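So you can see what is in the structure, the chains are spelled out below.
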Amino acid sequence: MCIRDRGEEESAPLINMRRAAATNKLENDENQPAPGESAVLMQPHDGAPPTEDRAAAVLRRQRWALQVVIVLTTVVEAADNSALPAVFLELRQTLRAGVSELGSVVMVKSLVCAAVNPFAGALGATFDRSRLVTVALGMSAGATILAGMAGSMAEIWLSRIVQGAAIGVISPLLLAMTADNNKQEDHGKMFGAIQVAQCLGGTGGVQLSVIIAGTSLFGLAGWRVVFVGLGVLTVLLTIAMAVFGFEPNKIAAVTQALSWQSMFVKTRKQFLRVLCTPTFLIVTAQACIGLFGFISWMYQAFWLQLACFNHTEAALIGLSGGAG
């Protein structure tokens, strides 16, 4: 009896361990979902989505905010580009400028913009494009306000040259950011929205500038109000780009390590390779031919005003053609 009691006493700890293991296994089986049960049922009871879904939602809102800022920037910059020809009559009367000199200002601004465009790609491949656009928008805002406060044609020349350089940086970077900020299947829709924004900004900028130029606000000539107002809008866009802008395509460390010389050599090779593409040459030639009519349309208001139409009549005639 003593030997059997001792064996029973020695087996008691084993029995307790087996009972504890069985209890733990039963609890684990109860916590596991059934084979057909959805994983959504295992989420916390507070209804909070997973961390990955939250991050995706935040990124999606950031991308939409950036795209809205890009479209608004396109509208304002297109209006700014068309504002100067719309107030040629007032500049001629106030600053005693000739028609040829005013046309030369627009031509030089376009040449500066075209000269800066290739360098914008090299800068965008090295630095954060949202910051570059923010700096360029600040330059554009300052140049536009300077044009509104100008007391001589020299200041108009300076403001338009700076404006051309800023636009030369802004335009290609906005298009590149749009491409990287959206999925490939959405590129056509987004680039179409930018094209519509350019048309609205250009047409609306001319007509509103013509109407406002014939008025005054608090003793300030209407043509000055046009430039100052556009400058203030550009300042707001600068702040919006600084707040909502981000780099859609993170730059690789290898690209950041490139020297300026290597960067421009690489950009030059890419530029020459693009120039040898027949499709690119055909599209460029078509754009150049199409721009002649658009640029001449910008001077229509000035011609109508010289033909004895008032500001409102000239704006309405131009709006009817622009709407078509």
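Remember, it's a predicted structure, so these values are computed and weren't measured experimentally.

A. Seen up close, the overall build of the chain. Broken down by element type, the chain carries 13 helices and two strands. The contacts of the chain with a sequence gap of at least 6 include a subset with a gap of at least 24, amounting to 78%. Put simply, the chain shows about 19300 Å² of open surface, and 67% of that area lies on carbon and sulfur atoms.

B. Inspection of the packing of aromatic side chains at higher detail. Tallied over the full model, the rule gives one aromatic pair. Judged by centre distance (6.3 Å) and plane angle (80°), the ring pair of Trp223 and Phe227 falls under edge-to-face. With Trp223 and Phe227 both in helix α8 (residues 222–244), this residue pair falls four residues apart, about one helical turn.

C. Structural view of the confidence of the model for the chain. The predicted model of the chain has a mean per-residue pLDDT of 78, with 77% of residues at 70 or higher. Every residue in residues 1–10 is under pLDDT 50, and counting partners more than four places away or in other chains gives zero contacts. Throughout residues 251–257 the model reports pLDDT below 50, and contacts reaching past four residues in sequence, or to other chains, amount to eight contacts.

D. Seen up close, the packing of helix α5 (residues 129–148) against helix α6 (residues 153–181). For the pair α5 and α6, the least separation of the axes is 8 Å and the interaxial angle reads 150°. When the axes of α5 and α6 are compared, the pair comes out roughly antiparallel. For α5 against α6, the interelement crossing comes out left-handed. Among the residues making up the contact of α5 with α6, the classes are represented as 18 nonpolar, five polar and four charged.

E. View of the pattern of salt bridges. Tallying each qualifying case throughout the model produces two salt bridges. Residues Arg160 and Asp80 are paired through a salt bridge, measuring 3.6 Å at the closest nitrogen-oxygen approach. Of this pair, Arg160 sits in helix α6 while Asp80 sits in helix α2 (residues 51–86); the two residues are 80 residues apart in sequence, bridging distant segments of the chain. For the pair formed by Arg160 and Asp80, the shared burial category is buried.

F. Fine view of the layout of surface pockets. For the second largest pocket, the calculated volume is near 280 Å³. Ala56, Leu59, Arg60, Arg63, Trp64, Gln67, Asn181, Asn182, Lys183, Asp186, Lys189 and Met190 together form the lining of the second largest pocket. Contributions of two or more residues to the lining of the second largest pocket are made by α2 and α7 (187–213). Among the elements that line the lining of the second largest pocket, the one with the most residues is α2, at six residues.

G. Local environment of a nonpolar patch on the surface. A cluster of nonpolar side chains, Val232, Leu233, Val235, Leu236, Ile239, Val243 and Phe244, forms an exposed patch at the surface whose accessible area comes to about 620 Å². Among the secondary structure elements, Ile239 is positioned in helix α8.

H. A look at the environment of Gln198. Position of Gln198 relative to the elements: it lies in helix α7. The class for Gln198 is partly exposed, based on a relative accessible area of 36%. Sequence separation between Gln198 and Thr74 is 124 residues; the distance between their C-alpha atoms is 6.0 Å. Beyond its immediate chain neighbours, meaning those up to four positions away, Gln198 contacts Thr74 and Ala78.

I. Structural context of the nonpolar core. Formed by 22 residues in total, the largest nonpolar core has its most connected members in Leu84, Leu91, Met153, Ile156 and Phe227. Elements supplying a minimum of two residues to this core: α2, α3 (88–94), α4 (99–124), α6 and α8. Leu91 has contacts with Leu84, Arg96, Ala97, Leu102, Ile156 and Trp223, leaving out every residue within four places of it along the chain. One finds Leu66, Val116, Leu132 and Met241 within the second-largest nonpolar core, a separate group that totals 17 residues.

J. Structural detail: α4. Taking 1.5 Å per residue, 26 residues should reach 38 Å; α4 reaches 37 Å between its end C-alpha atoms and fits that length. Those residues of α4 that sit buried are Leu102, Val105, Val106, Lys109, Cys113, Val116, Ala120, Ala122 and Gly124.

K. Just the packing of α6 against α7, in detail. Where α6 meets α7, the axes come as close as 9 Å, and the angle between the chain directions of the two elements is 150°. Taken together, α6 and α7 sit at an angle that is classed as roughly antiparallel. As α6 runs across α7, the sense of the crossing is right-handed. Of the residues in α7, those in contact with Leu175, Thr178 and Ala179 of α6 are His187, Met190, Phe191 and Ile194.

L. Molecular detail of the environment of Ala213. Note on placement: Ala213 falls in helix α7. Look at Ala213 and you get buried, because its relative accessible area is 7%. In sequence terms Ala213 and Val87 are 126 residues apart; their C-alpha atoms lie 6.4 Å from each other.

M. How the structure looks around the side chain of Glu77. Within the secondary structure, Glu77 is located in helix α2. Lacking a salt bridge, the buried Glu77 has Lys109 as its closest oppositely charged neighbour, with an N-O distance of 7.1 Å. Within the structure, the side chain of Glu77 is placed 3.5 Å from the side chain of Gln163, a separation counted as a polar contact. Not counting the four nearest positions on each side in its chain, Glu77 is found in contact with Leu137, Ser140, Gln163, Ile167, Ile170 and Thr234.

About the thresholds
- Residues numbered from 1 in each chain as written.
- Predicted model: local features only at pLDDT ≥ 70, side-chain atom pairs only at ≥ 80, totals over all residues.
- Heavy atoms only, no water.
- Helix = DSSP H or I, 4+ residues; strand = E, 2+ residues; numbered from the N terminus.
- Contact = heavy atoms within 4.5 Å.
- Areas by Shrake-Rupley, 256 points an atom, 1.4 Å probe, with all protein chains shown as cover.
- Phe/Tyr/Trp six-rings, centres within 6.5 Å; stacked < 30°, edge-to-face > 60°.
- pLDDT = per-residue confidence, 0-100.
- Axes fitted to C-alpha atoms, helices over the stretch in contact; angles between N-to-C directions.
- Parallel < 35°, antiparallel > 145°, perpendicular 65-115°, else oblique.
- Left-handed = near helix turned anticlockwise from the far one by under 90°.
- Nonpolar A, V, L, I, M, F, W, Y, C, P; charged D, E, K, R; others polar.
- Salt bridge = Lys/Arg side-chain N within 4 Å of Asp/Glu carboxyl O.
- Buried < 20%, exposed > 50% of the residue type's maximum accessible area, 1.4 Å probe, protein only.
- 1 Å grid on protein atoms, 1.4 Å probe; cavity = no way out; pocket = protein on both sides within 12 Å on 5 of 7 lines; lining within 4 Å.
- Points joined across faces, edges and corners; volume = space filled by probe spheres on them.
- Patch = residues over 30% accessible without salt bridge, like charges linked within 9 Å, V, L, I, M, F, W, Y side chains within 5 Å.
- Core = buried A, V, L, I, M, F, W, Y, C linked by side-chain atoms within 4.5 Å.
- Expected span 1.5 Å × (residues − 1).
- Lys, Arg positive; Asp, Glu negative; His and termini not counted.
- Polar contact = N/O pair within 3.5 Å; in protein donor to acceptor, adjacent residues only side chain to side chain.

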